[in-house]
Amino acid sequence: MTFCSVFLLLFLILLFSSFEQSVSVSSGSQRVILRSIIKENNQDGDFAIDLNTTNFDTVLKETPAPYVIVEFFAHWCPACRNYKPQYEKVARLFNGADASHPGIILMTRVDCASTINSNLCDKFSVDHYPMLFWGPPKKFVGGGWGPNQEKSEILPIENGRTADVLLGWINKQLGSSYGLDDGKYENEHLQTNTSDPGQIAKAIYDVEEATSTAFSIILDHKMIKPETRASLIKFLQLLVAHHPSRRCRKGSADVLVNFDDLCPSSTMLVNNEEAESCSKKGAIGNYQICGKEVPRGYWMYCRGSKNDTRGFSCGLWVLLHSLSVRVEDGESNMAFRSACDFIHNFFVCEECRQHFYEMCLSVSTPFKKARDFALWLWRAHNQVNKRLIKEEASLGTGDPEFPKAIWPPKQLCSSCYLSPSKTSEENNKIDWDEDEVFKFLVSYYGKELVTLYKDNEQQGGGKTEKIVAEELVASTNAVVVPVGAALAIAVASCAFGALAYIWRSRQKNRKYKYIYSLKNI
């Protein structure tokens, strides 16, 4: 082991042992934080998101929507209560899983009658209720509004007292023609130009959505079993170290460090009924692996022109590619095995799962370089696309706006192609420059993918620099940052192998303690 590995291993063991003493308190607090917004917004069928001073900057900084409307109101105000159904009619169009036009406007509200929000409402010079503001979400973060303020991108909505009038105001701003009777989205505003390298930046939100969806499927189908447990732990370790989203790294760390308590292996072996603890009905079901804002219920980069195309499978591919370009050489084979085992054990599409695992089994020599893993995954993805091109063409099940294709296209990486294509219709063979392909993959799924996060950091200002790594309690309590989560994120890739060793050690210790307690009964 290198000096770095030895040092980190000792450091981790010491801190993990101290963390055991406080895990029950911190995990309980964290679950309250993660559930708070979702529970509040699900009450009475509300679509607008209730914000307060503890989550205002966090939510608005991280939303993928380009615009936000904030309603400042007072719960005791009769006019506000009467206006709420009107506001909700518009919020239904833009918020939630069944939104007609998701990802365009985030509809929110702040209760100024709550003392915790007094300073926040003062910053926006709220002098009557309800009072509505419109603008780019980032402009609200750490900011405010005043009646004499010039050239502000935050605009007061002077006349929006009915749903029709408010939606008309929105349509005028956007040049759109949305209607209150619009049904669930038909994906009418898709950008289908895959040659635009900037589009991948939107995929950071889809990677979060795919991670959350995968975790939810695992719990819904009660897929954590004695034989699959180790593969999930290894994949969580991979996410903690290399997930492109900081909130998913943090959420994965929360689950990982509490995993033995949330999903005890000893209880799973007693009877099948106790396996409920490893499903949504158990404590682990209270965790959102990518934070309280995810899942959002829609896709951006991975949205298909039809509601049954792309989506989760696209997001999962982007996640795997992003992981493959972030691991170090020494981690490449462990990352490869973790990804293969995860798909084999937890991907519910049987045919897809089998095809992918067959490609995994075809690898006879362990990977020694990260480049090898990234290029293998790229080849595997193209192999899948070749098969689906034929199947979807014969069955007519493909997405007409996003037909399967060999990746990357020349528009995105002309240098990836060695010579003018001598493509044969029989074998569809292309001469690739794999050095250039690897450079493209590292840039596209590495730097470009996290562009929006970097932009958020620059626009958010000093007050919100650490907002993703911190979760504020929905009260006047102090900041809560679980020790295990912060530790796992901090040590990142250098600790990937060390974490596996610690988990094995902890599992053995728990097993010995359990056996010893049985002997003394």
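These notes cover the structure that comes with them.

Parameters and conventions
- Residue numbers restart at each chain and count upward from 1, following the sequence in its written direction.
- Local features in this predicted model are restricted to residues whose pLDDT is 70 or higher, and side-chain atom pairs enter the listing and the counts only when it is 80 or higher, whereas totals over whole chains, interfaces and linings include all residues.
- Water and hydrogen atoms play no part in the side-chain values, which are based on all heavy atoms of the structure.
- For Phe, Tyr and Trp, rings pair up if their centres lie within 6.5 Å, where Trp contributes its six-membered ring, and each pair is then called stacked (planes under 30 degrees apart), edge-to-face (over 60) or tilted (otherwise).
- Secondary structure elements are taken from DSSP: a helix is a run of H or I of four residues or more, a strand is a run of E of two residues or more, and numbering for both begins at the N terminus.
- Burial classes follow relative accessibility: with a 1.4 Å probe on protein chains only, a residue under 20% of its type's maximum area counts as buried, one over 50% as exposed, and anything between as partly exposed.
- Residues count as neighbours in contact if any of their non-hydrogen atoms are within 4.5 Å of one another.
- Axis geometry follows a simple rule: fit a line to the C-alpha atoms, using only the stretch in contact for helices, then measure angles between N-to-C directions, giving values from 0 to 180 degrees.
- Any angle from 65 to 115 degrees is called roughly perpendicular, while one under 35 is roughly parallel, one over 145 is roughly antiparallel, and all others are oblique.
- We call a crossing left-handed when the near helix sits turned anticlockwise from the far one by less than a right angle, and right-handed when that turn is clockwise.
- Polar here means any residue outside two lists: the nonpolar Ala, Val, Leu, Ile, Met, Phe, Trp, Tyr, Cys and Pro, and the charged Asp, Glu, Lys and Arg; Gly therefore counts as polar.
- Two strands qualify as a pair provided that DSSP identifies no fewer than 2 bridges between them.
- Think of a nonpolar core as a cluster: buried Ala, Val, Leu, Ile, Met, Phe, Trp, Tyr and Cys residues, connected wherever their side-chain atoms sit within 4.5 Å.
- Take the residue count of a helix, subtract one, and multiply by 1.5 Å to get its expected span.
- The arc in question is the one spanned by the directions pointing from the helix axis to the C-beta atoms.
- In what follows, salt bridge is the name for a side-chain nitrogen of Lys or Arg lying within 4 Å of a carboxyl oxygen of Asp or Glu.
- Two N or O atoms count as a polar contact when they lie within 3.5 Å, although within protein this holds only if one can serve as hydrogen donor and the other as acceptor, and sequence-adjacent residues are included solely when both atoms are side-chain atoms.

### What to know about the packing of aromatic side chains
Logical step 1: Evaluation of the coordinates by the stated rule reveals 25 aromatic pairs.
Logical step 2: Ring centres of Phe72 and Phe133 lie 5.8 Å apart, and the angle between their planes is 80°; this geometry places the pair in the edge-to-face category. With a gap of 61 residues between them, Phe72 in strand 2 (residues 67-73) and Phe133 in strand 4 (residues 131-135) connect regions that are remote in the sequence.
Logical step 3: For Phe72, a relative accessible area of 0% gives the class buried.
Logical step 4: Note on Trp378 and Trp432: the rings are 5.1 Å apart at their centroids and 85° apart in plane angle, and the pair reads as edge-to-face. Remark: Trp432 occurs in the loop between helix 16 (370-395) and helix 17 (434-447) and Trp378 occurs in helix 16; sequence separation between them is 54 residues.
Logical step 5: A relative accessible area of 18% places Trp432 in the buried class.
Logical step 6: Within the aromatic cluster, the residues linked to one another by ring pairs are Phe56, Phe72, Phe124, Phe133, Phe140 and Trp145.

### Description of the environment of Ile157
Logical step 1: Residue placement: Ile157 occurs in strand 5 (residues 155-157).
Logical step 2: Residue classification places Ile157 among the buried positions, given a relative accessible area of 8%.
Logical step 3: Leaving out residues up to four positions away in the same chain, Ile157 has contacts with Ile69, Leu132, Phe133, Trp134, Leu166 and Trp169.

### Overview of the packing of helix 15 (residues 350-361) against helix 16
Logical step 1: The N-to-C vectors of helix 15 and helix 16 enclose an angle of 140°; their axes lie 11 Å apart at closest approach. With respect to their mutual orientation, helix 15 and helix 16 come out oblique. Read as a crossing pair, helix 15 and helix 16 show a hand that is right-handed. Contacts between helix 15 and helix 16 involve Glu351, His355, Phe356, Met359 and Cys360 from the former and Trp376, Leu377, Ala380, Gln383, Val384, Arg387 and Glu391 from the latter.
Logical step 2: Classifying every residue of the contact of helix 15 with helix 16 gives 7 nonpolar, 2 polar and 3 charged.

### Concerning the sheet that holds strand 1 (residues 49-51)
Logical step 1: Pairing is mixed across the open sheet formed by 5 strands, whose spatial order is 1-3-2-4-5. Each end of this open sheet is capped by a strand with a single partner; those strands are strand 1 and strand 5. For this sheet, the mean inter-axis angle between neighbouring strands, taken without regard to orientation, is 30°.
Logical step 2: Relative to strand 3 (residues 105-111), strand 2 runs parallel, the two being bridged by 7 bridges. Counted as the bridge partner of Ile69 is Met107 from strand 3.
Logical step 3: The sheet strands contacting helix 7 (residues 163-174) are strand 2, strand 3, strand 4 and strand 5, and the helix crosses strand 4 at an angle near 20°.

### What about the nonpolar core?
Logical step 1: Core analysis: the biggest nonpolar cluster contains 86 residues, and Ile224, Phe259, Tyr301, Val318, Phe356 and Trp376 have the highest contact counts within it.
Logical step 2: Residue contacts for Tyr301: discarding those within four places in its chain leaves Gln199, Ile200, Lys202, Ala203, Asp206, Arg310, Cys314, Val318, Trp407 and Tyr444.
Logical step 3: Membership of the second largest hydrophobic core comes to 22 residues, among which are Ile49, Val59, Ala65 and Ile154.

### A short note on helix 15
Logical step 1: The terminal C-alpha atoms of helix 15 lie 16 Å apart, and with 12 residues this matches the ideal 16 Å at 1.5 Å per residue to within 8%.
Logical step 2: Of all the residues in helix 15, the buried ones are Arg353, Phe356, Tyr357, Met359 and Cys360. Buried residues in helix 15, looked at end-on, bunch into an arc of 155°, giving them a common side.

### Side note on the pattern of salt bridges
Logical step 1: Applying the stated rule across the entire model yields 17 salt bridges.
Logical step 2: For Asp46, the salt bridge identified is with Lys84, shortest N-O distance 3.1 Å. Residue Asp46 is found in the loop between helix 2 (23-42) and strand 1, and its partner Lys84 is found in helix 4 (residues 78-94); the two are separated by 38 residues along the sequence.
Logical step 3: By relative accessible area, Asp46 is classed as buried at 13%.

### Description of the side chain of His242
Logical step 1: With respect to the helices, strands and loops of the structure, His242 is situated in helix 9 (residues 229-242).
Logical step 2: Judged by relative accessible area, His242 falls into the buried class, the value being 5%.
Logical step 3: Engagement of the side chain of His242 in a polar contact is seen with the backbone oxygen of Arg326, the distance being 3.3 Å.

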